[in-house]
Amino acid sequence: MSAESPAANDPTVNNPPVRDPAPDNSAPDNSAVRDSDVHDPAVYGPVAPVHTAPESAGRMSVPPEPAGQVPAVPQAAAQVPTAPEPAGQVPPARPPSGVPPKPVSAPAVPPRAAPPGPAPNVLPSTTGGFRTPPPEPAPEYLPADRPRETVLSVVQPPPPVGHVGSGPPTYAPEPTALPPAEPDELEDLVADTVLDGARYGASTLRAMSVRGDSARYRGEPRRDALLTARFGAGERALVLVAMATGARATPGAHRAAAEACRWIGQAVGRSHERLADDIRAARRGDLKSGLHRLTDRSLGRLRASATEQGVEPEEYAAGLRCLLLPADPDCRTRVFFGVGAGGLFRLRDGEWQDIEPRVADTAGEAVVGYGSLPHETPEGDRLTMDLGITTPPSPYEPAPRPPHAPFRFRASVARPGDTLLLCTSGLAEPLRGEPELAEYLTARWSQGEPPGLATFLADSSVRVKGYADDRTAAAVWEA
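All figures in this text were calculated on a predicted structure; none of them were measured in a lab.

Asks: Could you clarify how one ought to interpret the overall build of the protein in this entry?
Replies: What the protein contains, in helices and strands, is ten helices and 15 strands. Long-range pairs, those at least 24 residues apart, make up 70% of the contacts in the protein with a sequence separation of at least 6. A total accessible area of about 29,000 Å² is found for the protein, and carbon and sulfur atoms account for 54% of it.

As structure tokens, then:
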């Protein structure tokens, strides 16, 4: 057998395949072919490397042939597709057709990727949050030592709703008719909704006032008024939230409420430095007496305005409720005072507490520095606390005075995590009368950060069937 093929000198071929030599009949049988001849690079060229698949990849196995026999090439192995050769390379030479090639192993098959498992089911929990079901056993295609992902249970507040209770309210949920307007009295127009907020010290304030369903349907102005103001600067600043509700079924109710807020704002603003000092020093008695005097003076001016307009004082009156918040982060004293119906609530440890103060029988003495008036004139005539009008000297002929609601006062120290809610009757009554509303606000306001302005407005405006009055509320979240 020659070591060179006759076509080896062909200049047009770099490495041509070797032609099959003529069969040698002198060999007794094929068993005389040596393995070294089959793999001799000088005769057949370099042997292509054989990539052996790993044991776990499903390799094609060929049973060993008895000694002295040449294994036949399986038909399936002869049809195994080969990968295309890279461009610019010449495929290696193949052995002669009379010599069987080495068994060809099947190409390595990468392990099949595990199909994505189903998303973990999240089941509702009886506590209002969510719980994670127990983990399922690991599939067979995952190694036993591979850690499984842990699904965290996150408690989310309930989604916002439009109403709670036995059914939807009768009125439409959005404004319908606008109040009538006069060309020369446009300053008396009241917006349907007012929204405000701030953050000072350790407290976050949210405040809103919205027209009730009944007033929206009838085209009446909002009888509730809201005032938020800051007096002073820095840690000595004092934040005032004032809300008032005008008398029902009176034409100037919205004007009376706005005037009550404006006058109490002026009175507090002029005495804010003394008020802030008393709050930080916890002078409860001084605060109660001084704020009582400021409230009476403001409502007295409202009654005087009714007299000037020629209407009865009862027709031009308003309930007034206020909240004082010091900007000093080290002072957590919150002061409530006012006159009239409404509500003062505190959300603590997931439960609502009705902390509306009881009515005091005595008003207390005036405090110097709060703008108090003398009790009598230099001539000895006694003055009323509100208007400065002289009263008859005879006790048998008392001057007629319009009845007014008693003064309410409460000073409390807030704890981290508390939510203090001050509101008019439009929200206080459904909060006391509909447990589902209290539960809803508890779930909405007990998680995470204080709500944004729009979220607070939506939560405070959740409607309850049978309650259609204006709503005004101010809530304070303690960090």
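Now that the structure has been shown, the text picks up again.
Asks: Help me out: how do you make sense of the side chain of R334 in this one?
Replies: Among the secondary structure elements, R334 is positioned in strand β9 (residues 333–339). Here the side chain of R334 touches C331 through a polar contact of 3.3 Å, landing on its backbone oxygen. In this structure the side chain of R334 is engaged in a polar contact, spanning 2.9 Å, whose partner is the side chain of E478.

Asks: Please clarify how the packing of aromatic side chains should be interpreted in this entry.
Replies: Each aromatic ring pair is specified by the distance between its two centres and by the angle formed by the two planes. All chains considered together, the criterion is met by six aromatic pairs. For the pair Y171 and Y217, a centre-to-centre distance of 5.4 Å together with 55° between the ring planes defines the contact as tilted. Taken together, the residues span a long stretch of sequence, with Y171 in the loop between β3 (163–164) and β4 (193–200) and Y217 in helix α4 (residues 213–218) at a distance of 46 residues. Judged by relative accessible area, Y217 falls into the exposed class, the value being 53%. Taking the centre distance of 5.6 Å and the plane angle of 25° together, the rings of W445 and F456 count as stacked. Here F456 lies in helix α10 (residues 453–460) and W445 lies in helix α9 (residues 435–445), a separation of eleven residues in the sequence. Summarising the burial analysis for this pair, W445 and F456 share the class buried. Feature note: the residues F345, W352, W445, F456 and W477 constitute an aromatic cluster, connected by ring pairs.

Asks: Can you walk me through the nonpolar core in this structure?
Replies: In this structure, I264, V268, L291, L302, L324 and F337 are the most contacted members of the largest nonpolar core, which totals 34 residues. With eight residues, helix α5 (residues 253–270) is the single largest residue contributor to this core. Excluding residues within four positions of it along the chain, V268 makes contact with F231, L238, L240, L275, L294, L324 and F337. Core analysis: the second largest hydrophobic core is formed by 22 residues, M208, F345, C423 and A475 among them.

Asks: Teacher, can you tell me more about the environment of F336 here?
Replies: Tracing the sequence through the fold places F336 in strand β9. For F336, a relative accessible area of 1% gives the class buried. It is 5.2 Å that separates the C-alpha atoms of F336 and R410, two residues lying 74 residues apart in sequence. Discounting chain neighbours no more than four positions away, the residues touching F336 are R321, C322, L323, L344, E356, P357, R408, F409, R410 and L422.

Asks: What is the right way to read the sheet that holds strand β6 (residues 224–231) from this model?
Replies: In sheet architecture, strand pairing relies on hydrogen bonds along the backbone and comes in two forms, parallel and antiparallel. Strand order in the open sheet formed by five strands is β6-β7-β8-β9-β12, and the pairing between neighbours is antiparallel. Bordering the open sheet on either side are β6 and β12 (407–413), each of which pairs with just one other strand. Strand-to-strand twist across the sheet, computed as the mean angle between neighbouring axes with direction ignored, equals 10°. Pairing geometry for β6 and strand β7 (residues 238–246), over eight bridges, is antiparallel.

Asks: Can you walk me through the pattern of salt bridges in this structure?
Replies: Oppositely charged side chains may form a pair once their charged atoms are brought near each other. Following the criterion strictly, the structure yields 16 salt bridges and no others. When the shortest N-O distance is used, the salt bridge between D188 and R255 registers 3.6 Å. Of this pair, D188 sits in the loop between β3 and β4 while R255 sits in helix α5, and the two are 67 residues apart along the sequence. A salt bridge links R463 to D213, with the shortest nitrogen-to-oxygen separation between them at 3.1 Å. A residue pair is termed long-range when its members are at least 10 positions apart, and R463 in strand β14 (residues 463–464) and D213 in helix α4 qualify at 250 residues. The same class applies to R463 as to D213, namely buried.

Asks: I keep staring at the state of the cysteines and nothing clicks. Help me out?
Replies: Where two cysteines share a covalent bond between their sulfur atoms, that bond is called a disulfide. What the rule picks out here adds up to zero disulfides. Among the cysteines around C261, which has no disulfide bond, C322 carries the closest sulfur, lying 7.0 Å off. Classification of C322 as buried rests on a relative accessible area of 0%.

Asks: Is there a simple way to explain a negative patch on the surface in this structure?
Replies: On the surface, a cluster of negative charge is made up of E182, D184, E185 and E187. Here E185 lies in the loop between β3 and β4. In this structure E185 comes out as partly exposed when scored by relative accessible area, which is 40%.

Asks: I would appreciate a short explanation of the pairing of strand β5 (residues 203–210) in the present structure.
Replies: Of all eight residues making up β5, eight are buried, and the element is well covered by its neighbours. When β4 meets β5, the two strands line up antiparallel, connected through eight bridges. Considered in β5, the bridge of A198 is made with L205. Connecting β4 to the antiparallel partner β5 that follows it, the hairpin turn spans two residues, and G201 within it adopts a positive phi of roughly 60°. Two elements, β5 and strand β15 (residues 471–478), share eight bridges in a ladder whose sense is antiparallel. Each residue of the ladder has a partner; that of V210, found in β15, is R471.

Asks: How do you make sense of unusual backbone geometry when you look at a structure like this?
Replies: For residues other than glycine, phi is negative in most cases, and the peptide bonds are mostly trans. Although it is not a glycine, A282 sits at a positive phi angle of roughly 60°. Tracing the sequence through the fold places A282 in the loop between α6 (272–280) and α7 (284–309).

The rules we used
Residues numbered from 1 in each chain as written. Predicted model: local features only at pLDDT ≥ 70, side-chain atom pairs only at ≥ 80, totals over all residues. Heavy atoms only, no water. Helix = DSSP H or I, 4+ residues; strand = E, 2+ residues; numbered from the N terminus. Contact = heavy atoms within 4.5 Å. Areas by Shrake-Rupley, 256 points an atom, 1.4 Å probe, with all protein chains shown as cover. Polar contact = N/O pair within 3.5 Å; in protein donor to acceptor, adjacent residues only side chain to side chain. Phe/Tyr/Trp six-rings, centres within 6.5 Å; stacked < 30°, edge-to-face > 60°. Buried < 20%, exposed > 50% of the residue type's maximum accessible area, 1.4 Å probe, protein only. Core = buried A, V, L, I, M, F, W, Y, C linked by side-chain atoms within 4.5 Å. Pairing = 2+ DSSP bridges. Axes fitted to C-alpha atoms, helices over the stretch in contact; angles between N-to-C directions. Salt bridge = Lys/Arg side-chain N within 4 Å of Asp/Glu carboxyl O. Disulfide = S-S within 2.5 Å. Patch = residues over 30% accessible without salt bridge, like charges linked within 9 Å, V, L, I, M, F, W, Y side chains within 5 Å. Lys, Arg positive; Asp, Glu negative; His and termini not counted. Charge placed at Lys NZ, Arg CZ, Asp CG, Glu CD.

Bear in mind that shape data such as this cannot, by itself, settle questions of function.
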